[in-house]
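Here is how the chains run, residue by residue.
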Amino acid sequence: MVSYHHHRALIALFSLTTRAGSFSAPSTSAVRSNNLARRHLFIRGGATTSSTTIIHNSNTNEEEEEPRTGWLHNTEPKYASYPTTSSSAPLSLAMKRLMADKMQKYRNHRIITPPAAHPCGDANRMMVTEHKISIPLTHPDLQAAMNNEQSSSTTNDEEQRIVPVERIDGAFLTNNEAFDEPTIDVYFTITELLSNAQDEAHFHALQNPNLSPSQRATLYFQKGTSDGESSVDPSRMMLYLQGGPGFGCASPVSGLSLASSSSSWAAAVLLGGKVSNADGKSFQRIVLMDQRGTGRSSAICKQQLVKMFPDLFLLDKKKEGEGKVVGEEFGGDSDARTMLLQARQQKALKEATDYLSLFRADSIVRDAEWIRESLANPFPSVNDDGNDDAAVNGPQPWGGALGQSFGGFCLMTYLSSIQNPPELVYFTGGIAPMNTPVREVYDRLWLRVRERSWKYYEQYPGDVATVKKIVRKLLAHENSADPIILPSGGILTARRFLQVGLALGGSPGTSFANMHSVINSAFVDEDSDEISNAFLKTIDYEQSFDDAPLYFLLHESIYADGEGATQWAANQSYESHVEANSEFDYRVTSEEDNSNPTLFFGEMVFPFMAHGDYSELSNSGMRTLSEALAEKSDWLPLFDETNMRTALVHKKKSRAAAACYYDDMYVDFECAMKLVQRGCPLEGVKVYVTNEYQHSGLRDDGANIINKLAAMSKNRLHVPS
């Protein structure tokens, strides 16, 4: 989840990056032969599918394009599940060392640009490094789960739904075929304090423009260490998981102030002295990760989806001047052409649906673990006893993790899926409504949207009439042959306009004021009913779902915890509310003689968004993809009550605290409170309940909130009292 005013500031440039620095293969022909035998994206129950996509392959520096026609349909799957040394012949010491070397090259860790230094409080300086690392598209244990091969013999607890993973990279050290798994890039920044002369010298060394990105990454880990060691201590690093899903993380300095210890939560962690790790030591680094598919992490946008799954878009209407009519190249009867295109589209639809299923919280937390393992052991090696660094050093979990909104949902998946989760876990407006059906979630949230709409009109009573006027104007155009077209090509309908209500979950002082400014720019002047061009441009800018389709495509899936389709639950709930109470029907309340204000929409996605309202989300390809995801019922579980209680209560691997906002419009307060009671999944979480802040509390007063949560987690503050 993400506040509306905030999410547009988090949109980063989308790019699909190429892989560099891969290890040498015996020969190019051997590589191509191997790729032809193994190229695929997804395995489901042993069946292989193919799609057109640019993938990273660890055996070659070249980008390779998968065949569009699926002519490799008889190819056997690479691996149904990864064998381990316990189920196969022991690996020789030489083979283990070879695989450790391949592991480093497969990761392909780069610092993509020389670091920057920024002044911060008390004459200090912060260094920000920008990293990219290659990560398996499908993590091995998730692949096994998707193939229904996850063993239940690992636990005696019948209620356990997820087998927690000890090491994300484990399969890559026991199975050479694991390195054939295609990769995506994940981008993250590390912010750290330059506190002494050695730090400054290291910073200037990293700024050498002659270093390649991979050389710069190698040098980064070698500050004051001997060969083969890392200068990075995960126990003194804090991971941040942002809201969403679908938007990149805030950038240090521009999106996250470091000016003083009170300017942001990040500055408080690094400068304030009140936030420390489990051992009482200060945090040295903060990791801000663009979750897979967002920001600069092999981002998903319509342009990329068209390249990856062109057959999915075969039936899209082409604009004038864009070439042949779709299907014209096949000749013959038009009905036959349509049937052929539909068949090809359905095949691509299955591939695209499976692909996007890999961009949920279960993959995101494994990506974070992959990053942590890569930072802790950047130069994998095996000693004479056959043990690699991670086995020798033992568990090295993150010292802390902070999850804002959807990021908190990810932390619940972290506690459910990873055997050694972060030692300190902080939630801000991010306790997922686990065990609550998705339809009930939205039934509750619509009532919260109504309450916030009333609150808005109390602050800006003059906007009641203005909003009614805008809605009537847009409805009139919808009912004519003259719709109002936005600069992006989308249609400004009344329902799309009401989606500006996504901002209502922020603080009245900022989000409400911004909404008021947008609404009052709607007409050319006060006496006119002509929609202004400035208003149309603002709507396009504020509603950036065209640029971040993951939010639209996967939003409801964040509540899909195992079997069961979401089926446009928010829209179903809305229609039920309208049927029961005309107060929710904007067509009724927008009439001048209706005494009720016109209610806004909240943080919901709707099928209408793919029916012309948003240009990039519309047409056959995106529409059928959104419908397939809404109907998908075989989601993997995201949360596991047994594992969460093991981490928080029984083994106390993690200490946790949460800020829960009583009036939160995005995360239902009552649903959250059900989970923190004694005997419930999050029993071990200390909860700070407040109505002083809205969902945007971390942005509005982050330093105060993180300081409070840190004190609570260590029993230095009696909250709850």
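(A) Quick look at the overall build of the protein chain. Scanning the protein chain from N- to C-terminus turns up 24 helices and 14 strands. For the protein chain, the proportion of its 721 residues judged to be buried stands at 58%. For the protein chain, long-range pairs separated by at least 24 residues make up 79% of all intrachain contacts whose partners lie at least 6 apart in sequence. Of the roughly 28100 Å² of accessible surface on the protein chain, a fraction of 48% belongs to carbon and sulfur atoms.

(B) Region of interest: the environment of V667. Secondary-structure assignment places V667 in the loop between β13 (655-661) and α23 (669-675). For the pair V667 and L445, spaced 222 residues apart in sequence, the C-alpha separation works out to 7.6 Å.

(C) Layout of the pairing of strand β8 (residues 183-194). β8 sits mainly inside the fold: 11 of its 12 residues count as buried. Note: strand β7 (residues 124-136) against β8, 12 bridges, orientation antiparallel. Each bridged residue has a counterpart across the sheet, and for M126 the counterpart in β8 is L193. Inspection of the sheet shows β8 paired to strand β10 (residues 285-289) by 5 bridges, in the antiparallel sense.

(D) Layout of the pattern of salt bridges. Applying the stated criterion to the full structure yields 31 salt bridges. A salt bridge links D311 to R344; the shortest N-O distance between them is 2.8 Å. You can see D311 sitting in the loop between α8 (302-308) and α9 (334-356) and its partner R344 sitting in helix α9, a full 33 residues away along the chain. We note a salt bridge from K350 to D354, for which the minimum N-O separation is 2.4 Å. Pair noted here: K350 and D354 are both in helix α9, with a separation of 4 residues, about one helical turn. Residue class for K350 comes out partly exposed when judged on its relative accessible area of 41%.

(E) A negative patch on the surface, seen in detail. On the surface, D525, E526, D527 and E530 cluster together into a patch of negative charge. Examined against the element boundaries, E526 turns out to sit in the loop between α16 (508-519) and α17 (533-542). Using a relative accessible area of 77% as the deciding quantity, one classes E526 as exposed.

(F) Representation of the side chain of D585 in the model. For D585, the location among the structural elements is in the loop between α19 (569-580) and α20 (586-589). Ignoring sequence-local partners within four residues, the contact set of D585 consists of Y574 and V578.

(G) Representation of the packing of aromatic side chains. Under the criterion given, the structure shown has 31 aromatic pairs. With a centroid separation of 5.6 Å and an interplanar angle of 70°, the aromatic rings of F172 and F179 are classed as edge-to-face. Each member of the pair, F172 as well as F179, carries the same accessibility label: buried. Ring plane angle 85° and centroid distance 5.6 Å describe the contact between Y442 and Y559, whose orientation is recorded as edge-to-face. You can see Y442 sitting in helix α13 (residues 438-459) and its partner Y559 sitting in the loop between α18 (549-554) and α19, a full 117 residues away along the chain. For the residue pair Y442 and Y559, the accessibility class agrees, reading buried in each case. An aromatic cluster of three or more residues is present, and its members are W446, Y574, Y586, F601, F606 and F608.

(H) Broad picture of the pairing of β7. Of all the 13 residues making up β7, 10 are buried; the element is thus mostly covered by neighbouring parts of the structure. As judged from the 5 bridges shared by strand β6 (residues 116-120) and β7, these two strands associate in the antiparallel manner. Looking at β7, one finds that C120 is bridged to N124. Connecting β6 to the antiparallel partner β7 that follows it, the hairpin turn spans 3 residues, and D122 within it adopts a positive phi of roughly 55°.

(I) Inspection of the side chain of T436 at higher detail. Position of T436 relative to the elements: it lies in the loop between β12 (424-428) and α13. On the basis of relative accessible area, T436 is assigned to the buried category, the value being 10%. With sequence-adjacent residues up to four places away left out, T436 is seen in contact with V441, C671 and K674.

(J) Highlighting the environment of V689. With respect to the helices and strands, V689 occurs in strand β14 (residues 685-690). Judged by its relative accessible area of 41%, V689 falls in the partly exposed class. Residues V689 and V719 lie 30 residues apart in sequence; the distance between their C-alpha atoms is 9.0 Å. The contact partners of V689, leaving out residues within four places of it in the chain, are C660, F669 and M673.

(K) Quick look at helix α10 (residues 361-376). Under the 1.5 Å per step criterion, the end-to-end length of α10 is 22 Å for 16 residues, consistent within 8% with the ideal 22 Å. Buried residues dominate α10, accounting for 16 of its 16 residues.

(L) Representation of the nonpolar core. One finds L375, M412, F427, I431, F497, F600 and L682 to be the most contacted residues of the largest nonpolar core, which totals 158 residues. If one sorts the elements of this core by residue count, α13 sits on top with 8 residues. Ignoring any residue separated from it by four or fewer positions in sequence, one finds F497 in contact with V467, I470, V471, L474, L492, I519, F535 and Q543. The next biggest cluster of nonpolar side chains, apart from the first, holds 32 residues, and it includes A657, A659, Y693 and A703.

(M) How the structure looks around helix α14 (residues 463-478). The terminal C-alpha atoms of α14, which comprises 16 residues, lie 22 Å apart, in line with the 22 Å expected from a rise of 1.5 Å per residue. In this fold, the buried residues of α14 make contact with α13, α15 (494-497), α16 and α20.

(N) Looking closely at the confidence of the model for the protein chain. Mean pLDDT for the protein chain: 85, with 83% of residues reaching 70 or above. Under a pLDDT of 50 for its full length, residues 149-158 has, in the predicted model, 11 contacts with residues more than four places off or in other chains. Throughout residues 323-327 the model reports pLDDT below 50, and contacts reaching past four residues in sequence, or to other chains, amount to 9 contacts.

Procedures and definitions
Residues numbered from 1 in each chain as written. Predicted model: local features only at pLDDT ≥ 70, side-chain atom pairs only at ≥ 80, totals over all residues. Heavy atoms only, no water. Helix = DSSP H or I, 4+ residues; strand = E, 2+ residues; numbered from the N terminus. Buried < 20%, exposed > 50% of the residue type's maximum accessible area, 1.4 Å probe, protein only. Contact = heavy atoms within 4.5 Å. Areas by Shrake-Rupley, 256 points an atom, 1.4 Å probe, with all protein chains shown as cover. Pairing = 2+ DSSP bridges. Salt bridge = Lys/Arg side-chain N within 4 Å of Asp/Glu carboxyl O. Patch = residues over 30% accessible without salt bridge, like charges linked within 9 Å, V, L, I, M, F, W, Y side chains within 5 Å. Lys, Arg positive; Asp, Glu negative; His and termini not counted. Charge placed at Lys NZ, Arg CZ, Asp CG, Glu CD. Phe/Tyr/Trp six-rings, centres within 6.5 Å; stacked < 30°, edge-to-face > 60°. Expected span 1.5 Å × (residues − 1). Core = buried A, V, L, I, M, F, W, Y, C linked by side-chain atoms within 4.5 Å. pLDDT = per-residue confidence, 0-100.

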